[in-house]
Amino acid sequence: MCAATDVAATFRSLVESADRKFARVRDLPPHLHGPHHHAFHKVFKAYTRLWKFQQENRSKLVEFGLKRWEIGEIASRIGQLYYSQYLRSSEARFLLESYVFYEAILNRGYFEGSKGGVADLGLRFKELRFYARFLVVSLVLNRTETVRVLVEKFKALVEDSRVEFPETNFKEWKQVVQEIVRFLKVDTAFMNIRPLRYCVLFDSHPTSLPHVARFHSKRILRLQNAVLTSYHRNEVKFTELTLDTFRMLQCLEWEPSGTFYQMRTKETTENGGYGGFSDQSGTSGLIDINLVADMTDPTLPPNPRKMILYRPSITHFIAVLATICEELPPESILLVYISASGKASQSMASQMDIPKPYRNSMHVNNISHIEHKLDKGDSADSLESCLWLGSRASGGANYLYPGDLIPFTRKPLFLIIDSDNSHAFKVIHGAERGETAAMLLSPGRPAFQSPSDRVYNGSQFTFFLTAPLQAFSQLAGLSTSDMDMDAFNKADNILSSAFAEWEVTLCTSDDLELAWSQVLTDPFLRRIILRFIFCRCVISLFCPPSSGDQYLPDCLPSLPDSLAPNSTKVESCVFRLSKCLGITTLFHFAEAVNSRLSESEVT
């Protein structure tokens, strides 16, 4: 009995020590490094020791009163730690480790031990939080079937909680359920046809690879860091992951290959045998804390580190940019993606009474340059135009101005601005403080959607950059039920061939600006550039010629004329795609292109 008491006391001591270390790192911002790295090392070490101790002494601990939910709580904390490390590093192995622990908790029902007994509100909240966290991990991993199972269990648990604890308000948990249901209502069937992540099978083009490999520039930059943020009223989101940032997050990662996604379904037990994941007994079914150590694909390069900011204040947004720019490795470029509404009119009203020299102090040094550009005919609203990044009432804490980004052009930047006010950010071009920024700017208005449609479908521009063929189909009004898979695969081959041809054009162009040439060998940025070229051409052909530029995306500096929207090389791709899918009447093709391609197909 004394030995069992000592084991229990040691276990409680390890739990308290690990929990204290967990509390220190739980709320640390993911972009911070330096001394915080040591703190994470210590908390991982503490939980590793705790986990191994309970594995080695499980039977004694159970005899002394160890509850199943306590094992679940430890496993859940480890899952949280692994997911936080994924957010900090973008290393897929941490995401997989998190999934392994959460899946084991679900399959063994660690938090269900009190059902049929005395109702425990605290335990119920632990179970609800577990489901929410597991759903996020499963979404990011694209485990569609797991997500569906989790949603049904989560919905049932929230309903049961309302009945079991009638005096407790579960309104916030109902909202979480509504969020995930709404997220899944977005047309995800297209998403599952092709991965959003960079897939060697679909996204590398053998015919153009030799040209990319031999491409030389005065300077070569690699994408190693990205900052992603979006805010729109009533946008589709789940917890702090919006649909737009979800798509961009996946677009900037490698699709695992080989054995990477093949989860082991067995694990060692105390006696050296194996226990299945579905084992529900109290003492068997141990989770190997290093389960994914041998699952990573060594042939894949590391993912770029991504920092996701959810409704940040502008001071926080700028602070994060400053920290990442300060730590940006040599020969690297930072991608900044912002999807938000423009609030130029509110911005102007809030600054009407402020003397002009003191307005917008973050970019006061750039005012003379920007005013000079305005004198040359640029939009008179450019100085006051901004993006709205939050729901708080204080405008100054929410408005991002073009000049706010100029100080960071001392480092190489790749800017993607997706907003109805994106073109206001053109003033950055020529005002950089050392490095010419590569900028992709969305149209001022989507080509086919009513303003309310973006609430349900996310940004059209971001959709084109992350899933171009799916976005093309959505633009044309094609649903998954209308889509014939043979036609879709044929269309995918057409687009892939066009991208390969455009890659060769970019690599052999004599007038490719340095801002583009220095990132052309990076697979993620090259793919985004190609998709932008496609998006620009599709929208220009879809909109009536009299519609103006408000529906057209733009880029700065300019890309080669050989890949302009009206070039035969680009327009012919859209023609072939639309003909393959039977929607040529939706586009305004030049008669010469229509006639030439039709004749070539006949012959």
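Residues numbered from 1 in each chain as written. Predicted model: local features only at pLDDT ≥ 70, side-chain atom pairs only at ≥ 80, totals over all residues. Heavy atoms only, no water.

- Per an unreviewed UniProt entry, the protein chain goes by Protein SCAI and derives from Aristolochia fimbriata.

### Points about the overall build of the protein chain
Then, in step 1: Broken down by element type, the protein chain carries 23 helices and 12 strands.
Then, in step 2: Per-residue burial over the protein chain gives 55% buried out of 603 residues.
Then, in step 3: Across the protein chain, the fraction of contacts at a sequence separation of at least 24, relative to all contacts at a separation of at least 6, is 77%.
Then, in step 4: Of the roughly 26,500 Å² of accessible surface on the protein chain, a fraction of 52% belongs to carbon and sulfur atoms. (Helix = DSSP H or I, 4+ residues; strand = E, 2+ residues; numbered from the N terminus. Buried < 20%, exposed > 50% of the residue type's maximum accessible area, 1.4 Å probe, protein only. Contact = heavy atoms within 4.5 Å. Areas by Shrake-Rupley, 256 points an atom, 1.4 Å probe, with all protein chains shown as cover.)

### Focus on a negative patch on the surface
Then, in step 1: The grouping of Asp 510, Asp 511, Glu 513 and Asp 561 at the surface amounts to a negative patch.
Then, in step 2: As for its placement among the helices and strands, Asp 561 is situated in the loop between β12 (554-556) and α22 (568-580).
Then, in step 3: Its relative accessible area of 63% is what places Asp 561 among the exposed residues. (Patch = residues over 30% accessible without salt bridge, like charges linked within 9 Å, V, L, I, M, F, W, Y side chains within 5 Å. Salt bridge = Lys/Arg side-chain N within 4 Å of Asp/Glu carboxyl O. Lys, Arg positive; Asp, Glu negative; His and termini not counted. Charge placed at Lys NZ, Arg CZ, Asp CG, Glu CD.)

### Re unusual backbone geometry
Then, in step 1: Here Leu 556 and Pro 557 are connected by a cis peptide whose omega angle stands at -10°.
Then, in step 2: Relative to the helices and strands, Pro 557 resides in the loop between β12 and α22.
Then, in step 3: Backbone geometry at Arg 311 places phi at a positive 50°, although glycine is not the residue there.
Then, in step 4: Inspection of the secondary structure puts Arg 311 in the loop between β6 (305-310) and α12 (314-326).

### Quick word on the nonpolar core
If you look at soluble globular proteins, the nonpolar side chains tend to sit buried side by side.
Then, in step 1: Membership of the largest hydrophobic core comes to 145 residues, with the highest contact counts inside it found for Leu 335, Phe 414, Phe 472 and Phe 534.
Then, in step 2: It is helix α21 (residues 523-542) that provides the largest number of residues to this core, a total of 14 residues.
Then, in step 3: Apart from residues no more than four positions distant in its own chain, Phe 534 is found in contact with Phe 464, Pro 468, Phe 472, Leu 495, Phe 499, Trp 502, Cys 573, Val 574 and Leu 577.
Then, in step 4: Counting 32 residues, the second largest nonpolar core, distinct from the first, contains Val 320, Cys 325, Ile 338 and Ala 424. (Core = buried A, V, L, I, M, F, W, Y, C linked by side-chain atoms within 4.5 Å.)

### Focus on helix α7 (residues 144-164)
Then, in step 1: Across its 21 residues, α7 extends 30 Å between first and last C-alpha, which sits within 8% of the 30 Å expected from 1.5 Å per residue.
Then, in step 2: Contact partners of the buried residues in α7: α5 (92-108), α6 (121-140) and α8 (171-185). (Expected span 1.5 Å × (residues − 1).)

### Describing the state of the cysteines
Then, in step 1: On inspection of all chains with the given rule, the structure shows 0 disulfides.
Then, in step 2: Of the cysteine sulfurs around Cys 537, a residue in no disulfide, the closest is that of Cys 573, at 7.5 Å.
Then, in step 3: Cys 573 gets classed as buried once you look at its relative accessible area, which sits at 3%. (Disulfide = S-S within 2.5 Å.)

### Section: the pattern of salt bridges
Then, in step 1: For the coordinates displayed, the defined rule picks out 18 salt bridges.
Then, in step 2: The partner of Glu 73 in a salt bridge is Arg 77, and the shortest N-O contact between them spans 3.6 Å. In this pair, Glu 73 and Arg 77 both sit in helix α4 (residues 68-89), 4 residues apart, roughly one turn of the helix. For the pair Glu 73 and Arg 77, one class covers both residues: buried.
Then, in step 3: Each of Asp 19, Glu 73, Arg 77 and Lys 126 takes part in salt bridges that share partners, so that together they form one network.

### A look at the pairing of strand β1 (residues 222-231)
Then, in step 1: By the criterion of burial, β1 is predominantly enclosed, with 8 of the 10 residues buried.
Then, in step 2: The pairing of β1 with β6 spans 6 bridges and is parallel. What sits directly across from Leu 228, in β6, is Ile 308. (Pairing = 2+ DSSP bridges.)

### What about the pairing of strand β10 (residues 413-418)?
Then, in step 1: For β10, a buried count of 6 out of 6 residues is recorded, marking the element as mostly surrounded by other parts of the structure.
Then, in step 2: Both faces of β10 are covered, namely the face carrying Leu 413, Leu 415 and Ile 417 and the face carrying Phe 414, Ile 416 and Asp 418.
Then, in step 3: Strand direction decides the pairing type here: strand β7 (residues 332-342) and β10, joined by 6 bridges, are parallel. In the sheet register, Val 336 faces β10, and the bridge partner there is Leu 415.
Then, in step 4: Strand direction decides the pairing type here: β10 and strand β11 (residues 438-441), joined by 4 bridges, are parallel. Paired with Leu 415 across the bridge in β11 is Met 439.

### Let's talk about the confidence of the model for the protein chain
Then, in step 1: For the protein chain, per-residue confidence averages 82 on the pLDDT scale, and residues scoring 70 or more make up 77% of the total.
Then, in step 2: Here residues 258-285 is modelled with pLDDT under 50, and outside its nearest four sequence neighbours on either side it reaches 71 contacts, counting other chains as well.
Then, in step 3: Contacts for the low-pLDDT stretch residues 344-383, under 50 throughout, to residues beyond four places or in other chains number 57 contacts. (pLDDT = per-residue confidence, 0-100.)

### Brief notes about the packing of aromatic side chains
Then, in step 1: Within the structure shown, the criterion is met by 31 aromatic pairs.
Then, in step 2: With a centroid separation of 6.2 Å and 25° between ring planes, the pair formed by Tyr 82 and Phe 94 is classed as stacked. Residue Tyr 82 is located in helix α4, and its partner Phe 94 is located in helix α5; the two are separated by 12 residues in the primary sequence.
Then, in step 3: Grouping aromatic residues by their ring pairs yields a cluster made of Phe 464, Phe 472, Phe 499, Trp 502, Phe 534, Phe 542, Phe 575, Phe 587 and Phe 589.
Then, in step 4: Looking at Arg 77, its charged tip hangs above the ring of Phe 22, at a distance of 4.4 Å from the centre.
Then, in step 5: Between Arg 247 and the ring centre of Phe 463, over which it is positioned, the NZ or CZ distance is 4.1 Å. (Phe/Tyr/Trp six-rings, centres within 6.5 Å; stacked < 30°, edge-to-face > 60°. Lys NZ or Arg CZ within 6 Å of the ring centre and 35° of its normal.)

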